[in-house]
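# Understanding the architecture of this molecule
The lines below spell out each chain.
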Amino acid sequence: MNRFTFPLFAFLSFFQNLNAQVDTVPPVVVCKPALDIPVSIPCFATVWPSDFILSATDDSSLPVQTGIRKSCTGDGFPENGSYLIFTAAEWGTARVECWARDAAGNTGSCTMTIFVSDAAGSCDPSYTIRTAMPSGSGIQNAMIDVAGANCWGDSLKSLYETWLDGAITGFGFISLPGYNTGVTPEKNVNPLNGVTTNDLLLIQKHILGIQSFDSPYKLIAADANQDGKVTSFDILTLRKLMLGITNELPNGKSWRFIPADYAFPNPANPFQPPFPERIDIPNTADPVPTEFHFIGVKIGDVDYSADPNQ
């Protein structure tokens, strides 16, 4: 063999590798028509790519990899998309992305509509929202705003009201996978509820260093003008309210609500960093949470004497 001789198999291997490297044609994925997914005991359904993909073809003879994901929960080929689980809490219309990837890494996709149903009525989804004072007493008549949207522009908007022990327990869903959703409580009535001269005295003692507050919630309650610190201006704000000079607290807020599981980085200064006043559900949450608990702080009421039912 001279130096110009090159084995035939080496040429074939070279051109096969070259062909694989320059393959830029994505697979063609065809979704099935809209699909109904019944959920029954044990109240979830597992689905596979073959349930959604009618065909996935490529320009090469090599097999393609398939995957599925709930729409708006990620980008690109779903690396963990070998199956999906739908629960009764996802009752209603949703979208599923169906993907295929060839040996060269090219991807193609299609999107189909599904409907999750519970025809037997045996898996009613439930949720609980609760608002309570630091003392544990449930806060009645707090309004819970739930709003969200997904990457398709679909939106969710609901309004709930707490009752009985400050709780809402119902059937349905608060959010769905693929939706960025926020759950925000409000209660902006009776600003003088729980505000007495004893609260002013306790705030004054804290400012003078005689008796500091032992809870971040008391500091939040003491911040009457809501400027992120406790000063004599807060006492002045409450005095004006008690004397009838003003008829509401700054920003129209009577209560502030903090997620019950929030851990203050510095309990002695709950304002830095700013504490959250809503629970956010990211679009990647799957399954979405069904329990939402908030601690409600009546502004100006540092001794927790407010009536949570007013």
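Below, the structure is looked at part by part. (Residues numbered from 1 in each chain as written. Predicted model: local features only at pLDDT ≥ 70, side-chain atom pairs only at ≥ 80, totals over all residues. Heavy atoms only, no water.)

## Here's the deal with the overall build of the chain
- A tally of helices and strands in the chain yields five helices and 16 strands.
- In terms of overall dimensions, the chain is more spread out than a globule: its C-alpha atoms have a radius of gyration of 29 Å, far above the 19 Å expected for 310 residues.
- Taken along its principal axes, the extent of the C-alpha atoms in the chain is 105 × 60 × 30 Å.
- Taking the intrachain contacts of the chain between residues at least 6 apart in sequence as the baseline, contacts between residues at least 24 apart amount to 70%.
- In the form shown here, the chain has an accessible surface area of approximately 16200 Å², with 56% of it arising from carbon and sulfur atoms.
- For the chain, the distance from the average site of its 18 positive side-chain charges to the average site of its 31 negative ones is 7 Å. (Helix = DSSP H or I, 4+ residues; strand = E, 2+ residues; numbered from the N terminus. Rg over C-alpha atoms; globule rule 2.2 N^0.38 Å. Contact = heavy atoms within 4.5 Å. Areas by Shrake-Rupley, 256 points an atom, 1.4 Å probe, with all protein chains shown as cover. Lys, Arg positive; Asp, Glu negative; His and termini not counted. Charge placed at Lys NZ, Arg CZ, Asp CG, Glu CD.)

## Quick word on the state of the cysteines
- Across all of its chains, the model carries two disulfides by this definition.
- Here C31 engages in a disulfide with C110; their sulfurs sit 1.9 Å apart. Residues C31 and C110 are joined by a disulfide whose S-S torsion is about 100°; by sign, that bridge is right-handed. Of this pair, C31 sits in strand β1 (residues 28-31) while C110 sits in strand β8 (residues 107-117), and the two are 79 residues apart along the sequence. (Disulfide = S-S within 2.5 Å.)

## Topic: the nonpolar core
- Core analysis: the largest hydrophobic core is formed by 24 residues, its most contacted members being I203, F213, I220, L238, I258 and V302.
- Listing elements by their share of this core, those giving two or more residues are α3 (197-208), α4 (216-222), α5 (232-243) and β16 (291-298).
- For L238, the residues in contact, after removing those within four places along its chain, are V195, L200, I203, A224, L249 and G300. (Core = buried A, V, L, I, M, F, W, Y, C linked by side-chain atoms within 4.5 Å. Buried < 20%, exposed > 50% of the residue type's maximum accessible area, 1.4 Å probe, protein only.)

## Digging into the packing of α3 against α5
- Packing of α3 against α5 leaves a shortest axis separation of 10 Å and a crossing angle of 170°. It follows from the interaxial angle that α3 and α5 lie roughly antiparallel. Across the interface between the two elements, T197, L200, I203, Q204 and I207 from α3 touch S232, I235, L238, R239 and M242 from α5.
- In terms of residue class, the contact of α3 with α5 is built from six nonpolar, three polar and one charged. (Axes fitted to C-alpha atoms, helices over the stretch in contact; angles between N-to-C directions. Parallel < 35°, antiparallel > 145°, perpendicular 65-115°, else oblique. Nonpolar A, V, L, I, M, F, W, Y, C, P; charged D, E, K, R; others polar.)

## Here's the deal with the sheet that holds strand β5 (residues 65-70)
- Spatially, β2-β8-β7-β5 is the arrangement adopted by the four strands of the open sheet, whose pairing is mixed. A strand with exactly one partner marks an edge of an open sheet, and here the two such strands are β2 (35-38) and β5. Pairwise comparison of adjacent strand axes, ignoring direction, gives a mean angle of 35° for this sheet.
- Pairing between β2 and β8: four bridges, direction parallel. Among the inter-strand pairings, D36 is bridged to a residue of β8, identified as F115. (Pairing = 2+ DSSP bridges.)

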